[in-house]
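# Notes for the structure review
Chain residues, written in single-letter form:
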Amino acid sequence: MSLENKAPANFVHLHVHTEFSLLDGASRIDKLIERAKALNMPAVAITDHGSMYGVIDFYKQAKKEGIKPIIGCEVYVAPRSRREKTAVEGESYYHLILLAENNEGYRNLVELVSRANTEGFYYKPRIDRELLKEYSQGLICLSACIAGEIPAMLLKGDTEAAERIAREYLEIFGREHFFLELQDHGMPEQKTANKGLLALARQLDVKLVATNDLHYIDKKDAEAH
């Protein structure tokens, strides 16, 4: 969950939590960009939990250091409607990564995060499929960590639900803008989810992306985090 020394120069982190993932991020933006530059990374993303508070500072710092800033957010998705203030089968929300591909995507991401806070707040600021369909243009979607809806269904053994949800996101974002996300931090649950995700990718002809659920910059930061 750190920014590794061994990362190849062409690797780009697309799942990154900064200090603005409140109570769940230990990456100071200036140090994050400084480390990415030292590792010769061409770009880096920001995907804080349910918020975009750090986006402007992140953008300015990255541009200053010659690194391409990728603006995103790890949003919370309601199990049904964002207006339903209730849990479904014990779940109040699932994670989903959204990355802005262009200015339209950035504006849509701002709209989604704003509406999540004003209309969908229940423990967390939540969106739903209705909003995603309305504001999907210019956005790239990743299926997120094991707290994402598709991996969560796979971990429950419900492959039919995982396939149905993946098809819904394919319909919303299109084949070129939806990716199944693989992570491996040595957790047994991730290995199980990854097997299901690989099978699903083959079945639906969906592209894969490998991420590191980055919450801090160096391994030595793990204990503090």
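These lines cover the structure that appears in this document, whether it is placed above or below. In this text the structure is predicted, and so the values were computed from the model without any measurement.

Rules of the game
Residues numbered from 1 in each chain as written. Predicted model: local features only at pLDDT ≥ 70, side-chain atom pairs only at ≥ 80, totals over all residues. Heavy atoms only, no water. Buried < 20%, exposed > 50% of the residue type's maximum accessible area, 1.4 Å probe, protein only. Helix = DSSP H or I, 4+ residues; strand = E, 2+ residues; numbered from the N terminus. Pairing = 2+ DSSP bridges. 1 Å grid on protein atoms, 1.4 Å probe; cavity = no way out; pocket = protein on both sides within 12 Å on 5 of 7 lines; lining within 4 Å. Points joined across faces, edges and corners; volume = space filled by probe spheres on them. Nonpolar A, V, L, I, M, F, W, Y, C, P; charged D, E, K, R; others polar. Contact = heavy atoms within 4.5 Å. Core = buried A, V, L, I, M, F, W, Y, C linked by side-chain atoms within 4.5 Å.

Most of strand β2 (residues 68-77) is tucked away, with nine of its 10 residues classed as buried. With four bridges connecting them, strand β1 (residues 43-46) and β2 associate as parallel partners. Paired with A43 across the strands is K68, a residue of β2. The pairing of β2 with strand β3 (residues 94-100) spans six bridges and is antiparallel. Bridging from a neighbouring strand, C73 pairs with L98 of β3. The pairing of β2 with strand β4 (residues 126-127) spans two bridges and is parallel. By the bridge assignment, Y76 is partnered in β4 with R126.

Our focus in this paragraph is empty space enclosed by the protein. The final tally for this structure, using the stated rule, is two cavities of 30 Å³ or more. Top element by residues in the lining of the largest cavity is helix α7 (residues 188-204). It accounts for four residues. Along the lines of polarity and charge, the residues of the lining of the largest cavity split into six nonpolar, three polar and one charged. Considering only enclosed or pocket space, the second largest cavity measures out at about 40 Å³ in volume. In terms of lining, the second largest cavity is formed by G50, C73, V75, Y76, L112, V113, A116, P125, R126 and I127. For the lining of the second largest cavity, the residue count by class is eight nonpolar, one polar and one charged.

Let us now look at the environment of L182. Within the secondary structure layout, L182 lies in strand β6 (residues 178-182). When the C-alpha positions of L182 and L132 are compared, they lie 22 Å apart, and in sequence the two are 50 residues distant. In contact with L182, not counting residues within four places along its chain, are N194, L197, L198, L208, V209, A210 and T211.

A separate point is the nonpolar core. The tendency in soluble globular proteins is for nonpolar side chains to be buried side by side. Of all hydrophobic cores here, the largest spans 54 residues; its most connected members are L98, I127, L132, I150, Y169, F173 and F178. The residues touching F178, leaving out its near neighbours within four places in the chain, are C141, I150, A166, Y169, L170, F173, V206 and K207. Among the nonpolar cores identified, the runner-up in size contains 10 residues, and L14, A45, I70 and V209 belong to it.

Limitation: the analysis is restricted to geometry and does not speak to function.
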